[in-house]
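The chain contents come next:
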Amino acid sequence: SDLVLRAGESAHVEQEDIIPSKSHEDALCYGDKTLITDIKGRSRIIKLFPKHLFYCPRSKHQVSHETLREAGVGSVIKFTDERRESLSISRPTLEQYTVHMKRGAMITYPKDAAIITQLMLDLEAGNKVLEAGTGSGSLTLFLARAVGDSGEVWTFEKRKDFAALSESNVMKSGFSGLKSVKFCKKDLRDEPLPESYFDGVVLDMLDPTKSLESVFPALKVDRPIVCYLPNITQVVELVKYVDDNSTLNLKLERVWENTLTSWDVRGNFFTASQMNQEPSQVKYIARPGFHQIAHSAFLVQFRKVKQKIDNRKYIKSDPEEPTVDVEEEVNPMM
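Note that this is a predicted model, so its numbers are computed, not measured.

Some thoughts on the confidence of the model for the chain
Stage number 1. Per-residue confidence for the chain gives a mean pLDDT of 84, with 81% of residues at or over 70.
Stage number 2. Mean pLDDT across the elements of the chain bottoms out in strand S1 (residues 2-5) (44) and peaks in strand S11 (residues 200-203) (98).
Stage number 3. The low-confidence segment residues 1-23 (pLDDT under 50) makes 47 contacts with residues lying over four places distant or belonging to another chain.

So, the sheet that holds strand S8 (residues 128-132)
Stage number 1. Read across the open sheet, the 7 strands follow the order S10-S9-S8-S11-S12-S16-S13; overall the sheet is mixed. A single partner strand is all that each edge strand has here, and the edge strands are strand S10 (181-184) and strand S13 (250-257). With direction set aside, neighbouring strand axes in the sheet form an average angle of 15 degrees.
Stage number 2. Strands in contact with helix H4 (residues 138-147) are S8, strand S9 (152-156), S10 and S11; relative to S9, the strand with the most contacts, it is inclined by about 165 degrees.

Regarding the pairing of strand S6 (residues 76-79)
Stage number 1. Taking every second residue as pointing to the same face, the buried face of S6 carries Ile77 and Phe79, while none of Val76 and Lys78 on the other face is buried.
Stage number 2. With 3 bridges joining them, S6 and strand S7 (residues 86-90) adopt antiparallel strand pairing. Bridge pairing in S7 links Ile77 to Leu87.

Considerations on empty space enclosed by the protein
Stage number 1. Applying the stated criterion across every chain, the model contains 2 cavities of 30 Å³ or more.
Stage number 2. One number sums up the size of the largest cavity: a volume of about 40 Å³.
Stage number 3. Lining the largest cavity, in full, are Met106, Ile107, Thr108, Glu131, Gly133, Thr134, Gly135, Ser136, Gly137, Ser138, Leu139 and Asp204.
Stage number 4. Class assignment of the residues belonging to the lining of the largest cavity gives a composition of 3 nonpolar, 7 polar and 2 charged.
Stage number 5. Taken as a whole, the second largest cavity holds about 30 Å³ of empty space.

Here's the deal with the packing of aromatic side chains
For any two aromatic rings, the description comes down to two numbers: the centre-to-centre distance and the angle of the planes.
Stage number 1. What the rule picks out here adds up to 4 aromatic pairs.
Stage number 2. Ring centres of Tyr97 and Phe175 lie 5.6 Å apart, and the angle between their planes is 70 degrees; on these two criteria the pair is classed as edge-to-face. Taken together, the residues span a long stretch of sequence, with Tyr97 in helix H2 (residues 94-100) and Phe175 in the loop between helix H5 (160-171) and S10 at a distance of 78 residues.
Stage number 3. A relative accessible area of 7% means that Tyr97 is categorised as buried.
Stage number 4. Owing to a relative accessible area of 16%, Phe175 belongs among the buried residues under this scheme.
Stage number 5. Look at Trp154 and Tyr197: their rings are 5.9 Å apart centre to centre, the planes differ by 55 degrees, and that puts the pair in the tilted class. Here the residue Trp154 occupies a position in strand S9, and Tyr197 occupies one in the loop between S10 and S11, the gap between them amounting to 43 residues.

Quick look at the side chain of Arg223
Stage number 1. With respect to the secondary-structure elements, Arg223 resides in the loop between helix H6 (209-215) and strand S12 (224-229).
Stage number 2. For the buried Arg223, which has no salt bridge, the nearest side chain bearing the opposite charge is Asp122, at an N-O separation of 4.4 Å.

Focus: the layout of surface pockets
Rolling a probe over the atoms, with the probe sized like a water molecule, indicates the empty space that remains.
Stage number 1. Quantified by volume, the second largest pocket comes out at close to 740 Å³.
Stage number 2. If you trace the second largest pocket, you find 28 residues lining it, with Gly133, Asp204, Met205, Leu206 and Asp207 closest to the centre.
Stage number 3. Of the residues contributing to the lining of the second largest pocket, the split by class is 12 nonpolar, 7 polar and 9 charged.

Observations regarding unusual backbone geometry
Stage number 1. We note that Lys51 has phi near 65 degrees; this positive angle belongs to a residue other than glycine.
Stage number 2. Among the secondary structure elements, Lys51 is positioned in the loop between strand S3 (43-47) and strand S4 (53-55).
Stage number 3. Phi is positive for Asp222, close to 70 degrees, though the residue is something other than glycine.
Stage number 4. Given the relative accessible area of 47%, Asp222 is considered partly exposed.

Rules of the game
- Residues numbered from 1 in each chain as written.
- Predicted model: local features only at pLDDT ≥ 70, side-chain atom pairs only at ≥ 80, totals over all residues.
- Heavy atoms only, no water.
- pLDDT = per-residue confidence, 0-100.
- Helix = DSSP H or I, 4+ residues; strand = E, 2+ residues; numbered from the N terminus.
- Contact = heavy atoms within 4.5 Å.
- Pairing = 2+ DSSP bridges.
- Axes fitted to C-alpha atoms, helices over the stretch in contact; angles between N-to-C directions.
- Buried < 20%, exposed > 50% of the residue type's maximum accessible area, 1.4 Å probe, protein only.
- 1 Å grid on protein atoms, 1.4 Å probe; cavity = no way out; pocket = protein on both sides within 12 Å on 5 of 7 lines; lining within 4 Å.
- Points joined across faces, edges and corners; volume = space filled by probe spheres on them.
- Nonpolar A, V, L, I, M, F, W, Y, C, P; charged D, E, K, R; others polar.
- Phe/Tyr/Trp six-rings, centres within 6.5 Å; stacked < 30°, edge-to-face > 60°.
- Lys, Arg positive; Asp, Glu negative; His and termini not counted.
- Salt bridge = Lys/Arg side-chain N within 4 Å of Asp/Glu carboxyl O.

This is the structure in C-alpha cells:
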C-alpha cells in the first residue's frame, strides 16, 4: 500500500487514507522492530511505540509510529514535495539486524557469516557448534539459525562488557534458534569441554593458537574448525603453528578472502522537467556502488583427521632443473 503525506506532516493519518494489510503476516504491532528505508537506500531499525514520531533527517519529515503500524510491512509512504521523498516499511532480515545492532567489538559481517555457517562449517538443524569470541553476537545469530532450537551453540566471551552486549543483542533479536544458545562468560580454556562433542568450531580471536589445543579434543573427527583473522600475517602464523604442533591432526583445507562488489543500477532524472516524461525516455545507469564492503577478514578452514598431515609442500630446488613457470602450471592451456 502507498500512503501520501504532505511535506512536513506529522499528524495522524485518517483511517480512510490507509489501505489495510491483506494478511496478519503484514501487520505490525507496537513493540515490533521495523526497518525504515528512504529513497536513497539508507535504513534504520526502530521499535514501534504509541505516540512516538519517526524523524527523517534528509527530508525533515516526521511520521508517527501509529502511521507506520497501520500501514504494515511492504508499504511505501510518499511525501508530496519536489524531491519525491518516500519511506518503505519492512521487517528487518537477519543480515539487516546484525548490521544495525549495537556494537562493542567489530561484527562478523553477514557475507562472512553466511560462508562460515554454510560453506565451511556445513551446519544443519540439530548440530552442536562452539564459538569462541562472541564479540557483539553477529555470528552467534547466524549459527543459532543454522542449528535451530534442536541444536546447540556454545559461545565464549571473556570480556564482561562484550558478553553483556552480545547476550542482549542475541536475545532481543527475535529470530529463530535462540533456545540453542548457551552463553559462556569466561575464557574458553577455563571450561572443560566434552570430548568429540561438537560438529564445528569457529574461533574469532586475536590469537587462535592459544585455544586450538583446548577445542581440538572436543571436535568430532572429519569436522571443521574455522578461524576468522583480519591480517594475512596472522594466517601464516596460524598455519605454521598447526604444522609444527604434532598433537593437532588438522588438515588445512582453504584460506578465503570474501570480497563482494555492489552495483548501483537505476533510472535517473537529470532535470525537474524529466520527472514527468514517458518511462522510455528515462536514462538508466549501471556502475559500482559508492559504498563497498571489501576486505573484512581471512577465513581459514581446517578439518580434523585421524592422522597428522603435513600441510607443507615440498618444492624441488635443484639449480640444474629448469624453473617451472607458475603461470603455465596454473593455466596449462594458455
